[in-house]
Amino acid sequence: MRVINVLNNLPPQYIARGIIPDEEIEDSEKIKETTGARFEFEPVSKYKKFMPAISPCLIGVSKEKVILFVLPSVPGQEKYLQEFLDSFYYNRVFYGYEKYISN
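A.B. asks: Looking at this structure, I do not really get the pairing of strand S1 (residues 17-20). What am I missing?
C.D. replies: Looking along a regular strand, one sees the side chains alternate between the two faces of the sheet. A one-sided burial pattern is seen for S1, the buried positions being Gly 18 and Ile 20 and the unburied ones Arg 17 and Ile 19. Relative to strand S2 (residues 40-43), S1 runs parallel, the two sharing 4 bridges. Each residue of the ladder has a partner; that of Ile 19, found in S2, is Glu 42.

A.B. asks: Would you explain the environment of Ile 59 in this entry?
C.D. replies: Here Ile 59 is to be found in strand S3 (residues 57-61). Expressed as a C-alpha distance, the spacing of Ile 59 and Phe 69, which sit 10 residues apart in the sequence, is 5.7 Å. Excluding residues within four positions of it along the chain, Ile 59 makes contact with Phe 50, Pro 52, Ile 67, Phe 69 and Val 70.

A.B. asks: Even after reading the chapter, I still don't get a nonpolar patch on the surface, so can you show me in this structure?
C.D. replies: Taken together, Val 61, Ile 67 and Val 70 make up a surface patch of nonpolar side chains, about 210 Å² in accessible area. Following the sequence through the fold, Val 61 ends up in strand S3. For Val 61, a relative accessible area of 34% translates into the label partly exposed.

A.B. asks: I would appreciate a short explanation of the packing of aromatic side chains in the present structure.
C.D. replies: The description of an aromatic ring pair uses the distance of the two centres, along with the angle that the planes make with each other. Tallied over the entire structure, the rule returns 2 aromatic pairs. Both rings, one in Phe 39 and one in Phe 41, keep their centres 5.6 Å apart while their planes meet at 45°; by these two values the pair is tilted. Judged on exposure class, the residue Phe 39 and its partner Phe 41 are both buried. Pairing Phe 69 with Phe 84 gives two aromatic rings, centres 5.0 Å apart and planes at 85°, and the pair type is edge-to-face. Residue Phe 69 is found in strand S4 (residues 67-72), and its partner Phe 84 is found in helix H3 (residues 77-98); the two are separated by 15 residues along the sequence. According to the relative accessible area criterion, Phe 69 is buried, its value standing at 14%.

The rules behind these values
- Residues numbered from 1 in each chain as written.
- Predicted model: local features only at pLDDT ≥ 70, side-chain atom pairs only at ≥ 80, totals over all residues.
- Heavy atoms only, no water.
- Buried < 20%, exposed > 50% of the residue type's maximum accessible area, 1.4 Å probe, protein only.
- Helix = DSSP H or I, 4+ residues; strand = E, 2+ residues; numbered from the N terminus.
- Pairing = 2+ DSSP bridges.
- Contact = heavy atoms within 4.5 Å.
- Patch = residues over 30% accessible without salt bridge, like charges linked within 9 Å, V, L, I, M, F, W, Y side chains within 5 Å.
- Areas by Shrake-Rupley, 256 points an atom, 1.4 Å probe, with all protein chains shown as cover.
- Salt bridge = Lys/Arg side-chain N within 4 Å of Asp/Glu carboxyl O.
- Phe/Tyr/Trp six-rings, centres within 6.5 Å; stacked < 30°, edge-to-face > 60°.

Keep in mind these values describe shape, not function.
See the structure below:
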């Protein structure tokens, strides 16, 4: 549940979505109240192509629908999650920027 707090407070370049079984989508508001999530929940059927071999996990997906990372949920994850996301974003932006620098 502590990871939800991190996901609730992500910088604007990230969009968090909770993925739940299709039959629970009607209860998504109740799930949000119970978990404290401020992000939206969507049915798992919408994300079938992103289904990881392990669950629960966090999956980073680009706007182009490319899987960028898969992080299994582990105890203490909230401690390194924010650092990982900051580092991942910085490295991705910096790498993308390097392509346009002329020597």
